[in-house]
Structure formats: structure tokens, C-alpha cells
Amino acid sequence: MTAPVLVSCAGATHTGLRRTLNEDAHLAASPVFLVADGMGGHDAGERASAAVIAEFAGLVGKESLGLEEVRRALADARTAVEELVTQGTSRAGTTLSGVVVASVDGIGYWLAVNIGDSRTYRFADGELEQITVDHSVIQELLEDGQITPEAAMSDPRRNIITRAIGAGSTTDADYWLFPAELGDRMMICSDGLTSEVSEQRIAEILGTEPSPQRAAQLLTAEAVDAGGRDNVTVVIVDAVSVATHPGSIVHSDEIDEDTRPREAVNGEVR
Ligand code: MG
């Protein structure tokens with residue numbers, strides 16, 4: 001038995017030009033590809049993001065993961081972050097975004113997970129598509145039509161998130177399950193990338209740099225060159241082999257109704 005999705009992957013991170021600490025953490029080791037952006041002042045954010053990534057590192061080496069395993073790791077991660085809070089590291093919290101390799105009847109799938117405003121994208125056939133939906137005040141204002149995407153870029157509320165692991169938040173993550181396709185390039189990043197580099201430019205780099213390591217480094221460097229106001233982290237995952245068969249159906253009934261994004265209640269989420 002081989003893994004349902006074989007990948008080539010890499011990660012890159014940079015403290016940026018304004019911060020003294022890098023509170024981002026990441027993991028790029030099959031079947032787990034994640035970015036966590038910590039918050040909380042002093043070293044609280046660094047410890048929170050590291051604690052969450054350490055929890056998921058225990059899943060590295062498996063061929064694929066199920067929703068329950070991801071949920072359990074997330075629950076354990078939340079406990080670890082809450083322990084930081086009780087130890088006096090008040091308000092420690094972190095985002096978490098990314099994908100794990102999943103298997104449905106032997107077919108390769110991506111299971112995306114998100115809490116907070118780090119993001120998971122899929123780049124396929126030259127198109128960049130954001131898979132995750134930010135848990136942020138700006139996202140809510142955009143959905144309500146109270147703000148334009150242009151105004152959102154400079155809105156002073158753009159750093160306020162509405163869900164986190166820790167930081168007093170108890171709400172669950174969102175999950176998306178969708179078939180992996182040969183040639184999929186998944187990109188996971190902290191907001192230090194997307195607040196500095198346009199999606200158009202991100203797509204350009206993803207489309208012209210075949211090496212995941214080089215692409216992650218180029219994107220990170222681009223964010224730093226654009227101002228580097230925040231820590232920036234990029235993980236790239238290329239699907240180089242996918243177990244699939246013709247006419248395969250999408251099984252997303254594993255996903256609870258209440259954890260689906262609101263625009264994708266019926267069936268496959270793309
Ligand atoms: Mg950040």
C-alpha cells in the first residue's frame with residue numbers, strides 16, 4: 001500500500017522587517033502541511049504556534065489521515081495552548097491553516113482545515129483559488145457588503161480575527177474535503193504574505209517557479225521586499241502522484257454540516 005497522494009513540498013519563513021520575533025510556525029512533512037500564526041505578546045504567540053505544530057508533528061509519516069485524527073490533534077493542540085495560558089502566558093493564541101492527505105476508498109483527497117486568517121490556496125491550471133475562508137472582522141464586513149476589497153487592504157481592523165486556537169476562542173475549525181488531482185499545487189501562508197503581495201503576483205510566481213523550495217523562498221522574499229510588516233511563512237505542496245480512478249465520486253458526508261463553509265453546503269467544496 002502506498003500513500004494516496006505523493007508530494008514534493010517545502011516551506012520558508014521570515015521574521016520580516018518590523019517584528020523582533022517570528023511567531024509563525026509551519027510543518028511540511030507528509031501527510032501534514034500547516035501554517036500557524038501565533039499571537040499574544042512577548043513570546044506567547046511563538047509558544048502557541050509551536051505547541052500546535054508540535055501536536056500535528058506526531059501524525060507525520062502516516063500515509064493519510066481521517067477527519068477524526070485531525071479533530072483529535074486539534075483538540076489536543078487547543079489543550080496545549082490553554083496550558084500556556086494557565087501557566088501565565090496570558091492571551092496566547094494562534095491561527096492554523098493547511099491541508100492533510102486523506103483517503104476515501106483508496107482515492108487521494110485533500111482535507112483542508114482552517115481557524116483564523118492564515119490561508120490555504122490551490123493553484124491548478126494556472127488559476128489561484130483560495131480554499132479557506134478567513135475568520136476575520138474584514139471577511140465579515142466583506143460578506144455583508146459593508147466594505148470593498150480595495151478598502152479592506154488598508155482597513156485598520158484587518159488584523160482582527162474572529163476565531164483562534166486559544167486567545168479565549170472556543171469555536172471549531174472549518175473543514176473542506178476535495179479530491180486531489182495530479183499537478184495540484186497547494187499553497188499555505190500566514191497573512192504576512194497576503195497583506196504584502198497581491199494574489200495576481202502570487203499566481204505569477206507559482207506558475208513560473210517549478211521548485212517548491214524556490215517558490216516558497218521567492219514568495220517570502222517578495223513579502224519582505226514589499227515592506228515585511230509581519231512575519232511571513234509559505235508552505236508549498238505539489239501533488240506528484242495521486243491514486244484516482246475514472247468516474248470516482250466525491251464523498252464529503254464525513255464532514256459535519258455545521259463545519260461546512262456557508263457557501264458550500266451541497267457536496268463538493270472547491
Ligand atoms: Mg501574521
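Check the entry above for the structure.
This report concerns the structure included in the present document. Every value quoted in this text rests on a predicted model; they were computed, and no experiment measured them.

**Let's talk about the side chain of Asn22**
Inference 1: Note that Asn22 resides in the loop between strand E1 (5–14) and strand E2 (24–29).
Inference 2: Residue classification places Asn22 among the buried residues on the basis of a relative accessible area of 16%.
Inference 3: A polar contact of 2.9 Å, which involves the side chain of Asn22, links it to the side chain of Thr13.
Inference 4: Of note is the side chain of Asn22, whose polar atom sits 3.0 Å from the backbone nitrogen of Asp24.
Inference 5: If sequence neighbours within four positions are ignored, Asn22 has contacts with Thr13, His14, Thr15, Glu46 and Asn231.

**Considerations on the coordination of the magnesium ion**
Inference 1: Looking at the magnesium ion, the protein donor atoms are Asp37 (OD), Asp191 (OD) and Asp230 (OD), and they sit 2.1 to 2.2 Å from it.
Inference 2: Here the donor residues of the magnesium ion share one chain and are spaced in sequence as D-x153-D-x38-D. With Asp37 in strand E3 (residues 32–39) and Asp191 in helix H5 (residues 191–194), this pair connects stretches of sequence that are 154 residues apart. Accessibility assignment for this pair places Asp37 and Asp191 in one class, buried.

**A few points about the nonpolar core**
Inference 1: In terms of nonpolar packing, the biggest core is built from 33 residues, with Val32, Phe56, Leu96, Leu111 and Tyr175 touching the most fellow members.
Inference 2: Of all the secondary structure elements, the ones that give two or more residues to this core are E2, E3, helix H1 (44–57), helix H2 (67–86), strand E5 (96–104), strand E6 (107–115) and strand E10 (174–179).
Inference 3: At 7 residues, H2 tops the list of elements feeding residues into this core.
Inference 4: Counting residues in hydrophobic clusters, the runner-up holds 20 residues, among them Phe123, Ile202, Ala216 and Val232.

**Some thoughts on unusual backbone geometry**
Outside of glycine, negative phi angles account for most residues, and trans bonds account for most peptide bonds.
Inference 1: With omega at 5°, the peptide bond leading from Ser30 into Pro31 counts as cis.
Inference 2: Positive phi outside glycine occurs at Asp125, with the angle close to 50°.
Inference 3: For Asp125, a relative accessible area of 80% corresponds to the exposed category.
Inference 4: Phi at Ala167 takes a positive value of approximately 55°, unusual for a residue other than glycine.
Inference 5: Note that Ala167 resides in the loop between strand E9 (165–166) and E10.
Inference 6: Classification of Ala167 by relative accessible area gives partly exposed; the value is 25%.

**Comments concerning the pattern of salt bridges**
Inference 1: Per the counting criterion, the structure on display carries 12 salt bridges.
Inference 2: A salt bridge links Asp184 to Arg122, with the shortest nitrogen-to-oxygen separation between them at 3.1 Å. A residue pair is termed long-range when its members are at least 10 positions apart, and Asp184 in the loop between E10 and strand E11 (185–189) and Arg122 in strand E7 (residues 119–124) qualify at 62 residues.
Inference 3: The exposure class of Asp184 is buried, given its relative accessible area of 2%.
Inference 4: Through salt bridges with shared partners, one network takes in Arg119, Asp134 and Glu199.

**Some thoughts on the sheet that holds strand E12 (residues 232–242)**
Pairing between the strands of a sheet is mediated by backbone hydrogen bonds and can be parallel or antiparallel.
Inference 1: The 5 strands lie next to each other as E1-E12-E11-E7-E8, forming an open sheet whose pairing is antiparallel. In this open sheet, the two strands that pair with only one neighbour each are E1 and strand E8 (127–130). Strand-to-strand, the axes of this sheet are offset by a mean angle of 20°, without reference to chain direction.
Inference 2: Contacts from helix H7 (residues 212–225) reach E1, E11 and E12, with the element oriented near 30° to E1.

**Some remarks on the pairing of E7**
Inference 1: Among the 6 residues that make up E7, 5 are buried, leaving the element largely enclosed by the rest of the structure.
Inference 2: Across 5 bridges, the pairing between E7 and E11 is antiparallel. Within the sheet, the bridge partner assigned to Tyr121 lies in E11 and is Met187.
Inference 3: Here E7 hands over to E8 after 2 residues, with Asp125 in that stretch at a positive phi of 50°.

Cut-offs applied
- Residues numbered from 1 in each chain as written.
- Predicted model: local features only at pLDDT ≥ 70, side-chain atom pairs only at ≥ 80, totals over all residues.
- Heavy atoms only, no water.
- Helix = DSSP H or I, 4+ residues; strand = E, 2+ residues; numbered from the N terminus.
- Buried < 20%, exposed > 50% of the residue type's maximum accessible area, 1.4 Å probe, protein only.
- Polar contact = N/O pair within 3.5 Å; in protein donor to acceptor, adjacent residues only side chain to side chain.
- Contact = heavy atoms within 4.5 Å.
- Donors = N, O, S within 2.8 Å, 3.2 Å for Na, K, Ca; no water.
- Core = buried A, V, L, I, M, F, W, Y, C linked by side-chain atoms within 4.5 Å.
- Salt bridge = Lys/Arg side-chain N within 4 Å of Asp/Glu carboxyl O.
- Pairing = 2+ DSSP bridges.
- Axes fitted to C-alpha atoms, helices over the stretch in contact; angles between N-to-C directions.

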